[in-house]
Amino acid sequence: MTIQLVSDEKIAETSSKGNQEKWYDQETGFWYKLDQFGYEALAETTVSTFLEQSNIEIDTPFTFVRYRMERLRVHRRVRTGCSSKNFLRPGQALITINRLLTNYLGMPLREKLTRLPSDKKRIAFLAEATAEFTGLELFPQYLTLLFEVDALFCNDDRHLNNIAVIEQGGNYDYCPIFDNGAGLLSNTQMSQMDIARPALISALQARPFHTTFTRQMNTARSLYGAQLAMPKLHLEDIRTVLQPILEYYPQRDRGLISERAETCILTRQKKL
């Protein structure tokens, strides 16, 4: 089934990678977003499918957004995208860490972070200042978990507006892990399809601290301990998850997309 989206209901969401078109359907309570630079919907859906196998909702108080693939008719064209259930309840608001701590500090958060002398101090400040301001005592562990998920799936777009909390009436809660669409080398404009996969992976930088995924993850773990536990993923496990998702993409691209996703996961899980 192809879902019809109306242009005047579009919400343009800005990220550090550019603009991605999103729609919200008030009747169904679902968000829909389009592939913009490659195969972001596949990355979102694949990551959330694998997180179902993790310890996140078993051993931690945290959760994550579930995504599913969609055919979307937009601007009189059929496009590929994904959907997710709105996780905000009435009266709740999503507050980014950038906005939260900028208001708290009375100065741009990025400016404060650049004044700190090391990644360890920057991560500690981001984690502990947020915990202090919101009362979310486990926010350092939540931040570590985000970095672990990003490191496993090569999500290089965890900028300060992709880390958030939920606010309602002056009280705060943890936000489900969301926006993993930049993972698995999905941005084919920046990670071109004709470049060797290992070279692309080694060239990635983890945000928000512009270091390697391993360094960012291990620095947070040294402060707050490891959070994410996943069963070892084998090539056939990955292909089983990818096979129905790849049906949304042209036949000519499926092999390359699959190889890129497989290489990301198999390479990065060794570091986890």
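The sections below set out a description of the structure shown in this document. (Residues numbered from 1 in each chain as written. Predicted model: local features only at pLDDT ≥ 70, side-chain atom pairs only at ≥ 80, totals over all residues. Heavy atoms only, no water.)

### Examining the overall build of the protein
When you go through the protein residue by residue, the secondary structure sums to 10 helices and nine strands. Radius of gyration (C-alpha) of the protein: 18 Å, near the 19 Å computed for a compact globule of 272 residues. Split into buried and exposed, the 272 residues of the protein put 53% on the buried side. As presented, the protein carries roughly 12900 Å² of accessible surface, and 48% of it is formed by carbon and sulfur atoms. Between the mean site of the 33 positive side-chain charges and the mean site of the 32 negative ones, the protein shows a separation of 5 Å. (Helix = DSSP H or I, 4+ residues; strand = E, 2+ residues; numbered from the N terminus. Rg over C-alpha atoms; globule rule 2.2 N^0.38 Å. Buried < 20%, exposed > 50% of the residue type's maximum accessible area, 1.4 Å probe, protein only. Areas by Shrake-Rupley, 256 points an atom, 1.4 Å probe, with all protein chains shown as cover. Lys, Arg positive; Asp, Glu negative; His and termini not counted. Charge placed at Lys NZ, Arg CZ, Asp CG, Glu CD.)

### As for the pairing of strand β8 (residues 164–168)
Within a regular strand, the side chains alternate between the two sheet faces. Of all the five residues making up β8, four are buried; the element is thus mostly covered by neighbouring parts of the structure. With four bridges joining them, β8 and strand β9 (residues 171–174) adopt antiparallel strand pairing. Considered in β9, the bridge of Gln168 is made with Asn171. Turn length for the β8-β9 hairpin, with the two strands adjacent in sequence and antiparallel, is two residues, and the turn residue Gly169 shows positive phi of about 60 degrees. (Pairing = 2+ DSSP bridges.)

### A few points about the pattern of salt bridges
Here the structure, examined in full by the defined rule, presents 15 salt bridges. Arg66 is the partner of Glu52 in a salt bridge, and the nearest nitrogen-oxygen pair spans 2.8 Å. Of this pair, Glu52 sits in the loop between α1 (40–51) and α2 (56–59) while Arg66 is found in the loop between α2 and β5 (67–74), placing the two residues 14 residues apart along the sequence. Note that Arg254 and Glu247 form a salt bridge whose closest N and O atoms lie 3.7 Å from each other. Among the residues examined, Glu247 registers a relative accessible area of 40% and is labelled partly exposed. (Salt bridge = Lys/Arg side-chain N within 4 Å of Asp/Glu carboxyl O.)

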